[in-house]
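Structural overview for review
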Amino acid sequence: VFLFLQGFICGFSIATGAAARLLSGYDSYGNICGQKNVKVEGIVNSGLDLTHKKYVFFLDPCNIDLVHQKIKSIALCVSACPRTELKTLADVQKFAETNGSTLCSYELQPSEYTTDPRAAKLCPKYPVPESAPIPFFHRCAPVNISCYAKFAEALITFVSDSSVLHRLISGVMTSKEIIMGLCLLSLVLSMILMVIIRYISRVLVWILTILVILGSLGGTGVLWWLYAKQRLSASALETQIAKDNLQALLIYAIAATVFTVILLLIMLIMRKRVALTIALFHVAGKVFIHLPLLVFQPFWTFFVLILFWTYWIAVLLFLGTTGSPVPNEEGFVEFQMAGPLKYMWWYHIVGLIWISEFILACQQMTVAGAVVTYYFTREKRNLPFTPILASVNRLVCYHLGTVAKGSFIITLVKIPRMILMYIHSQLKGKENACARCMLKACICCLWCLEKCLTYLNQNAYTATAINSTNFCTSAKDAFVILVENALRVAAINTVGDFMLFLGKVLIVCSTGLAGIMLLNYQRDYTIWVLPLIIVCLFAFLVAHCFLSIYEMVVDVLFLCFAIDTKYNDGSPGREFYMDKVLMEFVENSRKSMKEAGRGGGAEGRELKPMVGADEE
């Protein structure tokens, strides 16, 4: 129903002439260029036959309204754009006589350009810049975009000298081949890292552990050392400020000590859950070897998102030009919608959020279905030829309602947060401190709720892929599993996420280093900071897309592992489905439990395979 109404909005905007106005363009009097027009009551130059005048020409294309983001100039329909600069009205008159393209308002004849006093207002501001038609949109745009410099400088506020902006842009244009090569390098590095990360996961975990321990112990030690040094100093207690500083140091040192002790205890308790994280990363690497099409999943999702966003922007532009012609204060025509139809763009914005979330949810369901197929296939030789395509087929045939409901729940949380953010931005500097604090608190709470629901949805899709149950049942089952394995979930989401963050940093640093070495040899320009920033941002984006898929695979494997250990115990008839690496983890956990004694402690209970629910 929602998509049907989305299609209605698109069809309505096209049927009311918005598509023709957007593509063909229209002048300031409501005439669509390149066709016969209907007279608009009260507008003198409306209702003209402009069949041979197919291009929109602005009398002053550089007069840009930064607030309303539009060109403040009279627009006319002309038969040709001026392909050379016209410096005087005589040149404009000669251009009209030679090419048959009148660049002044319709009421002036070419012979009157140099004699009529109205020409100063009804003719273009000279010199008229050289322009060319924009492909598909029939607008005459200046070839030299230097007249838009003030618009660019308004966006780039840190540029005080226009020459700096020109050097930055020239740097990007001169090094475009290097930028493309470095972007390709980041793509290759991301693919390589996804394959080898299973071999270096153990090293990364140990590096992380050592850094955390040394950092916490070192920080605590420095605080106690500073406290002792000031306490033993003879002049430390002479002033009240010195006494306050000494007391603050003592408080900081005690707080750091308590934090370090708690942190070390947590790491001691979770040390074996970290082993599970390493094992899951190892198995995830094997998944990508058996399912290589998973690597390309971000490409397909990004491609579908680009197609949808293109459609969405096109319809939004249609909505911006739809409606009935209405005269404005200056005597020109604007197109406005009246009644409830003017709120259609709100519905269109909701469609942007929900459908984008739906596409991302389809990716999550596709990945979950493929990984579940891999995990619960004992003989990997019996895997389907393309588990990804099989997962897509199951999604389309059975699970579209599940991802629609899951993405709709995210949309219900995201829309209020965006409304509050908009209100906060509009009231900036006007509201009191209490209202500002409450708004920020609400925005933060909604953000946290959105992230929790997104994580729960992802696990619900995995439960759906395993059991083929509906969304609510799958979400409940996934929530129960996550609560039963809360410590393991915490370990995976802390250690695992930090490992993937280190991977992103590695890719960005490697790409940035290669960029510095290559750009350093370029002597055609003086500033190469902007190309390097572009490359690093692209590298981070690519690394985030690929490693997010890796993180998704690890989360799916964990839920499969938890369900496997809950309903199977390795005995005949109830054999595990898990990989040998995970099997070793289970065996080591059992050995640790036996060494700790029968029923000894919460550690043993948590690591014991959960077989009590098999009667369900």
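Values in this document were obtained by computation on a predicted structure and should not be read as measured data.

1. Side note on the environment of Leu204
Among the structural elements, Leu204 can be located in helix 7 (residues 176-232). Here the alpha-carbon distance between Leu204 and Ile278, two residues 74 residues apart in the chain, equals 9.5 Å. In contact with Leu204, other than residues within four places in its own chain, are Met499 and Leu502.

2. With respect to the UniProt feature "transmembrane region" (unreviewed entry) in the chain
The UniProt entry lists residues 178-197, 204-227, 247-267, 274-293, 299-319, 345-376, 498-519 and 525-547 under the feature "transmembrane region" (unreviewed entry), expressed in the numbering used here. From the first C-alpha to the last, residues 247-267 spans 30 Å; its make-up is 100% helix and 0% strand. The span residues 274-293 shows a helical share of 85% and a strand share of 0%, and its end C-alpha atoms are spaced 28 Å apart.

3. Here we look at the packing of aromatic side chains
Throughout the structure, instances matching the rule amount to 14 aromatic pairs. When the centroid spacing of 5.9 Å and the interplanar angle of 50° are considered together, the rings of Tyr29 and Tyr106 count as tilted. Of the two residues, Tyr29 is situated in the loop between helix 2 (18-24) and strand 1 (55-58) and Tyr106 in the loop between helix 3 (89-99) and helix 4 (119-122); the sequence distance between them amounts to 77 residues. Like Tyr106, Tyr29 is buried. If you follow Arg378 out to its NZ or CZ, it ends over the ring of Tyr577, 3.8 Å from the centre.

4. Examining the state of the cysteines
Applying the stated criterion to the full structure yields 3 disulfides. Residue pairing for Cys33: its cysteine sulfur links by disulfide to Cys77, the two sulfurs lying 1.9 Å apart. Across the S-S bond of Cys33 and Cys77 the torsion is about -80°, and the bridge reads as left-handed. In this pair, Cys33 is assigned in the loop between helix 2 and strand 1 and Cys77 in strand 4 (residues 75-78), connecting sequence segments 44 residues apart.

5. Points about helix 3
Taken residue by residue, helix 3 has Leu89, Val92, Gln93, Phe95 and Ala96 as its buried positions. Axial view of helix 3: buried residues confined to an arc of 160°, hence all on one face. Set apart from the buried face of helix 3 by more than 90 degrees, the exposed residues are Lys94, Glu97 and Thr98. Close packing links the buried residues of helix 3 with helix 4. Count one or two residues on from helix 3 and you reach Gly100, which has phi positive near 70°.

6. Here's the deal with a nonpolar patch on the surface
On the surface, Leu184, Val188, Ile192, Val195, Ile196, Tyr199 and Ile289 cluster together into a nonpolar patch covering about 630 Å² of accessible area. Looking at the nonpolar patch element by element, the count peaks at 6 residues for helix 7. Secondary-structure assignment places Ile196 in helix 7.

7. So, the environment of Thr565
Looking at where Thr565 falls in the secondary structure, it is placed in helix 16 (residues 529-567). In this structure, the C-alpha to C-alpha distance between Thr565 and Glu575, residues 10 residues apart in sequence, is 9.7 Å. A polar contact is formed between the side chain of Thr565 and the backbone oxygen of Ala562, at a distance of 3.0 Å.

8. Some words on the layout of surface pockets
One number sums up the size of the second largest pocket: a volume of about 1300 Å³. Every residue lining the second largest pocket is counted, 38 residues in all, and those nearest its centre are Leu360, Gln363, His544, Ser548 and Met552. Looking at the lining of the second largest pocket, the elements with two or more residues in it are helix 10 (297-321), helix 11 (344-375), helix 12 (387-426), helix 13 (433-467), helix 15 (486-519) and helix 16. Among the elements that take part in the lining of the second largest pocket, helix 16 stands out by supplying 11 residues, more than any other. Per-class residue counts for the lining of the second largest pocket are 19 nonpolar, 12 polar and 7 charged.

9. Some details on the side chain of His399
Here His399 shows up in helix 12. Residues in contact with His399, not counting those within four places in the same chain, are Met365, Arg394, Thr464 and Ser468.

10. Section: the pattern of salt bridges
Applying the stated criterion to the full structure yields 5 salt bridges. Taking the shortest distance from any N to any O, the salt bridge between Glu450 and Lys414 comes out at 3.4 Å. With a gap of 36 residues between them, Glu450 in helix 13 and Lys414 in helix 12 connect regions that are remote in the sequence. Judged by relative accessible area, which is 5%, Glu450 ranks as buried. As a salt-bridge pair, Glu484 and Lys566 come within 3.4 Å of each other at their nearest N and O atoms. With Glu484 in helix 14 (residues 471-484) and Lys566 in helix 16, this pair connects stretches of sequence that are 82 residues apart. When its relative accessible area of 34% is taken as the criterion, Glu484 is described as partly exposed. Residues joined by salt bridges that share partners form a network here, namely Glu357, Lys414, Arg417 and Glu450.

11. Here's the deal with the side chain of Ser356
For Ser356, the position within the fold is in helix 11. Relative accessible area serves as the criterion here: at 11%, Ser356 is assigned to the buried category. Setting aside anything within four residues of it in sequence, one finds Ser356 in contact with Leu305, Phe308, Trp309 and Gly351.

12. Quick word on empty space enclosed by the protein
Per the stated rule, a full pass over the model turns up 4 cavities of 30 Å³ or more. In this structure, the largest cavity encloses a volume near 60 Å³. What lines the largest cavity is simply Phe57, Phe58, Leu59, Pro61, Pro124, Lys125, Val128, Pro129, Ser131, Cys140, Ala141 and Pro142. Only strand 1 and strand 6 (140-142) provide two or more residues apiece to the lining of the largest cavity. Here the lining of the largest cavity is composed, by residue class, of 10 nonpolar, 1 polar and 1 charged.

13. Points about the confidence of the model for the chain
Averaged over every residue, the pLDDT of the chain is 78; the share at 70 or more is 83%. The spread of mean pLDDT over the elements of the chain runs between helix 18 (residues 601-607), the lowest at 39, and helix 11, the highest at 91. Here residues 150-165 is a poorly scored stretch, pLDDT under 50, and it has 12 contacts once near neighbours within four places are set aside; other chains count. Below a pLDDT of 50 lies the segment residues 599-616, which in the model reaches 34 contacts outside its immediate sequence neighbourhood of four places, other chains included.

14. Points about the nonpolar core
Membership of the largest hydrophobic core comes to 56 residues, with the highest contact counts inside it found for Leu294, Tyr550, Val553, Leu557 and Leu582. Contributions of two or more residues to this core are made by helix 7, helix 9 (271-290), helix 11, helix 15, helix 16 and helix 17 (580-595). Core analysis: the next-biggest nonpolar cluster, separate from the first, contains 33 residues, Phe57, Ala75, Val92 and Ala96 among them.

15. So, the packing of helix 13 against helix 14
The contact between helix 13 and helix 14 brings their axes to 8 Å, and the two run at 110°. Our classification of the angle between helix 13 and helix 14 gives roughly perpendicular. Contacts between helix 13 and helix 14 involve Tyr455, Leu456, Asn457, Asn459, Ala460, Tyr461, Ala463, Thr464 and Asn467 from the first element and Phe471, Ser474, Ala475, Asp477, Ala478, Phe479 and Leu482 from the second.

The rules we used
- Residues numbered from 1 in each chain as written.
- Predicted model: local features only at pLDDT ≥ 70, side-chain atom pairs only at ≥ 80, totals over all residues.
- Heavy atoms only, no water.
- Helix = DSSP H or I, 4+ residues; strand = E, 2+ residues; numbered from the N terminus.
- Contact = heavy atoms within 4.5 Å.
- UniProt positions renumbered as here; feature names shortened; annotations may be inferred.
- Phe/Tyr/Trp six-rings, centres within 6.5 Å; stacked < 30°, edge-to-face > 60°.
- Buried < 20%, exposed > 50% of the residue type's maximum accessible area, 1.4 Å probe, protein only.
- Lys NZ or Arg CZ within 6 Å of the ring centre and 35° of its normal.
- Disulfide = S-S within 2.5 Å.
- Arc of directions from axis to C-beta.
- Patch = residues over 30% accessible without salt bridge, like charges linked within 9 Å, V, L, I, M, F, W, Y side chains within 5 Å.
- Areas by Shrake-Rupley, 256 points an atom, 1.4 Å probe, with all protein chains shown as cover.
- Salt bridge = Lys/Arg side-chain N within 4 Å of Asp/Glu carboxyl O.
- Polar contact = N/O pair within 3.5 Å; in protein donor to acceptor, adjacent residues only side chain to side chain.
- 1 Å grid on protein atoms, 1.4 Å probe; cavity = no way out; pocket = protein on both sides within 12 Å on 5 of 7 lines; lining within 4 Å.
- Points joined across faces, edges and corners; volume = space filled by probe spheres on them.
- Nonpolar A, V, L, I, M, F, W, Y, C, P; charged D, E, K, R; others polar.
- pLDDT = per-residue confidence, 0-100.
- Core = buried A, V, L, I, M, F, W, Y, C linked by side-chain atoms within 4.5 Å.
- Axes fitted to C-alpha atoms, helices over the stretch in contact; angles between N-to-C directions.
- Parallel < 35°, antiparallel > 145°, perpendicular 65-115°, else oblique.

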